[in-house]
Amino acid sequence: MAVSMKDIDGAFQNVGNKQGVDIWLINKSHPVIITNADHRKMSSSNCYVILQSVPLRSGVLRHEIFYWLGRHATQDDITATAIKAIELDAALGGRAVISREAENYETDRFLSYFKPCFMPLNDMHSYNDQGNGRYQVRLFKCNGRHVAHVKEVSFTRASLSHEDIFILDTEFKIFQFNGANTDIYQRAKAMDVVKYVKDNFHKKDCSVAVIEDGKFVADADSGEFWGFFGGYAPLGRRSDGEGHSENNYNKASLLCVFEGQTKKIEGSVLTRDLLSSNKCYILDCGTEYFAWVGRDSSLEERRTMITILEGLIALHDNSVGIRLTCAIEGFEPREFKLKFQSWPANTAVPISENGRGKVAVLLKHKGFNVKGMLKAAPIKQDISSLNRSGKIQVWHVNNSDKFTEPASNHGKFFSSSCYIVLHTFPGDRKDDYIIYSWIGHGSLSDTRTLTASSVAELASSLKGAVEVLVFESKEPSHFTALFPKMLVIKDENIGVGERLFQVQQTGPRTWQAVEVEKDAKSLNSSGCAFLLLETRLILWFGKFSTVEEQEAAENLAYFLQPDAESTMSLKEGAESELFWEILGGRKVHPSHREPKENAKDPQLFSCRIMKGQLQLIELFNFTQNDLLSDEVLVLDVHTDVYVWIGQSVSSKLKLMSFEIGQKFAEQAARYDGRSLENPLYKIEEGHEPVFFKSFFQWDDSKAMKHLDVFQKKVAAVKGQQADTARRPMRRHSISGFESPTEILSTIDRGRASRNTVAKPQSSPEKSRAPKPKYGNGRSPGSKSSAVSALSSMFEFQGSRDANTTPKLSSVRTRHESVSATPSPSLGSSPRTPRPVASPRSPAIAALASMFEPYSDKKLDFAWPGSRPKSEEKVSRDFDVHIPRTTKEAKLVETLELKNGEESSPKQPIEALKDVKNGDVKYYPYERLKVSSSNPISGIDSSKREAYLSNQDFQDTFRMDRETFYKLPKWKQDKYKILMDLF
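Small disclaimer: the values here were computed from a predicted structure and weren't measured.

Asker: For this particular structure, what's the right way to read the packing of aromatic side chains?
Answerer: Here the distance between the centres and the angle between the planes together describe a pair of aromatic rings. Inspection of the entire model under this criterion finds 47 aromatic pairs. An angle of 85° between the planes, with centres 5.2 Å apart, marks the rings of Phe110 and Phe118 as edge-to-face. An angle of 35° between the planes, with centres 6.4 Å apart, marks the rings of Tyr642 and Phe691 as tilted. A residue pair is termed long-range when its members are at least 10 positions apart, and Tyr642 in strand β31 (residues 641-645) and Phe691 in helix α14 (residues 690-693) qualify at 49 residues. This pair shows no difference in class: Tyr642 is buried, exactly as Phe691 is. An aromatic cluster is present here, built from Phe155, Phe175, Phe177, Phe225, Trp226, Phe228, Phe229 and Tyr232 joined pairwise through their rings. Over the ring of Phe258 we find Lys279, and its NZ or CZ is 5.8 Å from the ring centre. Against the face of Phe559 rests Lys412, its NZ or CZ located 5.0 Å from the ring centre.

If you want it as structure tokens, here you go:
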């Protein structure tokens, strides 16, 4: 049913005619266009309709519609926005896919149009709004490998986790905290967000710091970061239940919308036959909805359907997390078709884009598909860019036999056999290889099995070889380009019987003759053919054939039968009766060729095998940067399927690459009606051929995967030059040391000295013993690097001072001892002046406060007053037992004294005085805990204990306030951590 533009809002008149994005703000049910400058200033309080117009390879614009809902928007605004999205689709002719996008739950498709990230404004004020004179510090959670999902979270330590990356935005510095369980691709994507925040939301220059979870170094950045959270404390496990459950089409229910009501369609299996073109339907998948709009349905029926849908979504407890996709008949997305048991081919609605006049008729005769040619010509692959030089080797496989074909037979293929073609050609630095497996239609399974095993053996000996599975009649252009003259023959008995061959062009200078059924219907007026009568040749030229085609037919005929005794040429309309008698009599034959299927706009999928099922995640608006080394990706161009294998993929998954490609082809045949014989490629990272690169804006410098993509981006953001050697970045000096590199090198020398002199009995086998795993999922080496580093630094400092003035006995022992491997003697070198302690940095304060590692296991310790301090012994069970010696405790207290602080810190006492003098409201202990389900807001998170009543304080810490605040800061923090108050 045609939709009248009178029923559509005037704001949507004449839109979608150019490439780009258009955004409308829905204000009181009326769309208001916003300028390009305000596209990045969308507010959480409003709703928007977004139109993306993207040019296809054919030149036609593809439209995608999103309606985005701010988390503070009203239900009336949400419903009005959904209706306006339906009207916009009707204004565009009903070809767009409509997606519902809720703030913090945006889809990858939506976010791919807002790279590097999408960050709406909160509560209608600017990100840099400092009306109160203070910069608003914000914490963002960031995850995603291909697109960045950014969400603002509560500025508390409880928001941090090991599984995500967090960005702390302060006035003068932006911190990126990398969770221990994240990879370099997630971190690199988050660094793009950091750069975006720095460039767009900071008027002043600010620095960038990277904090590694579980890999502390004694630097100011780590101390400063944890200082914003009141000091360091171990992170708990992520408890949020984010994520969407997977849907199965068997669990989905189909509803028909009729006269404002919904009626459930009964049926155990969903099929395409259940959908009628004059109605609208709702597919309920639990946590996801699909709307299907029949092309003959009215605009009012579509509005009613979307209103019902928004009402259904509002009934869900987590309505913001419910996704909705609306598609018009003939333009269903792949994810909708997969909900059905199958989807028949050729169900697309015809679009009136056919050419007009005599030109279109002639083009159709030549086999061109004129659809989509009104706006732009299809993009053709540049065959000349393919490297046809080099060496070609061909092996013929038939049953259990495999033999090499001589060069004179290159280009002759028998349908009853299989062939292995190795193309060796010069690459950038070495020879490149492409191995083709040509499968004849009449070949037996044993022949195909032998071919597959032979190709696998050949590929294993040629590193980086590209493998291509080619079926008869589906040869790609770069394969036929290797053979200027190509023959496809049904069987090997060439000189027996009468055979008919049809001639067709496969490239600018390449031709092919295929044996067809000996019947007049096999002729075509747009081409040429020839008959092989044992030792005679009859050439037939169609009335629309060109001189070039006629010459090619003659050459191919002599290539097949070079010893022909006689040759006869016949033009269409001048055939003899003998000619028609051979073909079984005159019959009507086609006058134009069927158009060849061209490559369509490519789609890229990240894939994996789970429980024998192929799981695909589509990557939208992809670039070369989306080819990640630890993934297997499928590039689908409709006529070809490419399986790209990253260098870091497991060997098991590499062996399954062709299986992944075949499963994808089966799925495409089931839901898109494609052929199962389309070419299938296996491509390894770093060995991409030119025809694969043509689908990307390829940059060979980006293909150097030995470079750390995350470190490169960090260096770029900091204005440093990227270094392939990954040099440690200089940081602020700490305690007189120039950089963390010097600190770590000093610690290493101290460890080497102690291990060589004091512990000569240690064995290499023991040092290489695998470290055990622990319940918290983190390895011992990642749990408290800062503790180990600081402890080693202190021990080495003390040992160095002792060694500079050694006793006579110690000197004699050192000289009299004999060791197979001499150890470096620190006492023999000139004494290095002891560095003067600088003013206490936040890093030292943070590291000192967490000197004893924390564990969530049951702790056994002595409370103050329970026994003498001299007998107090604290031991905690963590990844590695690091006891605190009296010497280490004294060193920490000495360091604090040297920085002008007493052993009983003044800062907590002053804080206590402030609490006593002010009007402080006391709260229950259960609500003050960090992990509380009902936390108190508006309090100082670093002084939670100050909001306990005197009785609660005594019951919680087993001491009064005065005794508590006389303890050293690190011991106070220890008790607060234990009580979940820090």
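Asker: Explain the side chain of His146 here, please?
Answerer: In this fold, His146 is placed in the loop between β6 (138-143) and β7 (149-153). Among the residues examined, His146 registers a relative accessible area of 13% and is labelled buried. Only 3.1 Å separates the side chain of His146 from the side chain of Glu631, close enough to count as a polar contact. The contact partners of His146, leaving out residues within four places of it in the chain, are Lys115, Lys189, Leu619, Asp626, Leu628 and Glu631.

Asker: Would you mind showing me how to read the pattern of salt bridges here?
Answerer: One side chain can pair with another of opposite charge once the charged atoms of both are near each other. The tally for this structure, following the rule as stated, stands at 37 salt bridges. A salt bridge links Lys518 to Glu498, with the shortest nitrogen-to-oxygen separation between them at 2.9 Å. Here Lys518 is found in the loop between β24 (511-516) and β25 (528-533), whereas its partner Glu498 is found in strand β23 (residues 498-505), with 20 residues between them in sequence. For Lys518, a relative accessible area of 33% gives the class partly exposed.

Asker: Whenever I open this one, the nonpolar core confuses me. Can you help?
Answerer: Side chains that are nonpolar tend, in soluble globular proteins, to be buried together. Phe530, Leu635, Tyr642 and Phe692 are the most contacted members of the largest nonpolar core, which has 53 residues in total. Looking at this core, the element that brings in the most residues is helix α10 (residues 547-560), giving 6 residues.

Asker: What is the right way to look at helix α3 (residues 184-201) in this model?
Answerer: Along an α-helix, residues three or four positions apart point the same way, because every turn accommodates 3.6 residues. When the terminal C-alpha atoms of α3 are compared, their 25 Å separation across 18 residues agrees well with the 26 Å that a helix rising 1.5 Å per residue should span. For α3, the set of buried residues is Tyr185, Gln186, Arg187, Ala188, Lys189, Ala190, Met191, Val193, Val194, Tyr196, Val197 and Phe201. Those residues of α3 hidden inside the fold are in contact with β6, β7, β8 (165-169), β9 (173-178), β10 (207-212) and α15 (709-717). Between a side-chain oxygen at the N-terminus of α3 and the backbone nitrogen of Tyr185 the separation is 3.0 Å; the capping residue is Asp183.

Asker: What should I look at first to understand the pairing of β7 in this one?
Answerer: For a regular strand, side chains alternate in direction, first toward one face of the sheet and then toward the other. Judged from the 5 bridges that link them, β6 and β7 form a sheet pairing that is antiparallel. Bridge pairing in β7 places Phe140 opposite Glu152.

Asker: For this particular structure, what's the right way to read the packing of α3 against α15?
Answerer: In helix packing, the relevant descriptors are the interaxial angle and the interaxial distance, both defined with respect to the helix axes. One way to put it is that α3 packs onto α15 with a least axis distance of 8 Å and a crossing angle of 15°. Classed by the angle they form, the pair α3 and α15 counts as roughly parallel. For the pair α3 and α15, the crossing hand works out as left-handed. Listed contacts from α15 to Ile184, Tyr185, Arg187, Ala188, Met191, Asp192, Lys195 and Lys198 of α3 are Val709, Phe710, Lys713, Val714 and Val717. Among the residues forming the contact of α3 with α15, the class breakdown is 8 nonpolar, no polar and 5 charged.

Asker: Any chance you could explain the environment of Phe175 here in plain terms?
Answerer: Here Phe175 is to be found in strand β9. Exposure remark for Phe175: the relative accessible area of 0% places this residue in the buried category. It is 4.9 Å that separates the C-alpha atoms of Phe175 and Ala209, two residues lying 34 residues apart in sequence. Among all residues touching Phe175, those that are not within four sequence positions of it are Phe166, Ile167, Leu168, Thr170, Ala209, Ile211, Asp221, Glu224, Phe225 and Phe228.

Asker: Please clarify how the environment of Phe331 should be interpreted in this entry.
Answerer: Checked against the element boundaries, Phe331 lands in the loop between β15 (323-328) and α6 (334-337). When the C-alpha positions of Phe331 and Ala96 are compared, they lie 7.3 Å apart, and in sequence the two are 235 residues distant.

Asker: Please clarify how the side chain of Glu475 should be interpreted in this entry.
Answerer: Among the structural elements, Glu475 can be located in the loop between β21 (466-471) and α9 (477-480). Assessed through its relative accessible area of 15%, Glu475 is described here as buried. Of the polar contacts made by the side chain of Glu475, one reaches the side chain of Trp438; its length is 2.9 Å. Excluding anything up to four places from it in sequence, Glu475 contacts Trp438, Val470, Thr480, Met486 and Gln512.

Asker: What's the story with the pairing of strand β13 (residues 280-284) in this structure? I'm lost.
Answerer: Across the 5 residues of β13, 4 count as buried, placing the element largely inside the fold. The pairing of strand β11 (residues 253-258) with β13 spans 5 bridges and is antiparallel. Considered in β13, the bridge of Leu255 is made with Ile282. Looking at chain direction, β13 and strand β14 (residues 288-293) are connected through 5 bridges and run antiparallel. Residue pairing across strands places Asp284 opposite Tyr289, the latter belonging to β14. Counting the residues in the hairpin turn of β13 and β14 gives 3 residues, including Gly286, whose phi is positive at 90°.

Definitions and limits used
Residues numbered from 1 in each chain as written. Predicted model: local features only at pLDDT ≥ 70, side-chain atom pairs only at ≥ 80, totals over all residues. Heavy atoms only, no water. Phe/Tyr/Trp six-rings, centres within 6.5 Å; stacked < 30°, edge-to-face > 60°. Helix = DSSP H or I, 4+ residues; strand = E, 2+ residues; numbered from the N terminus. Buried < 20%, exposed > 50% of the residue type's maximum accessible area, 1.4 Å probe, protein only. Lys NZ or Arg CZ within 6 Å of the ring centre and 35° of its normal. Polar contact = N/O pair within 3.5 Å; in protein donor to acceptor, adjacent residues only side chain to side chain. Contact = heavy atoms within 4.5 Å. Salt bridge = Lys/Arg side-chain N within 4 Å of Asp/Glu carboxyl O. Core = buried A, V, L, I, M, F, W, Y, C linked by side-chain atoms within 4.5 Å. Expected span 1.5 Å × (residues − 1). Pairing = 2+ DSSP bridges. Axes fitted to C-alpha atoms, helices over the stretch in contact; angles between N-to-C directions. Parallel < 35°, antiparallel > 145°, perpendicular 65-115°, else oblique. Left-handed = near helix turned anticlockwise from the far one by under 90°. Nonpolar A, V, L, I, M, F, W, Y, C, P; charged D, E, K, R; others polar.

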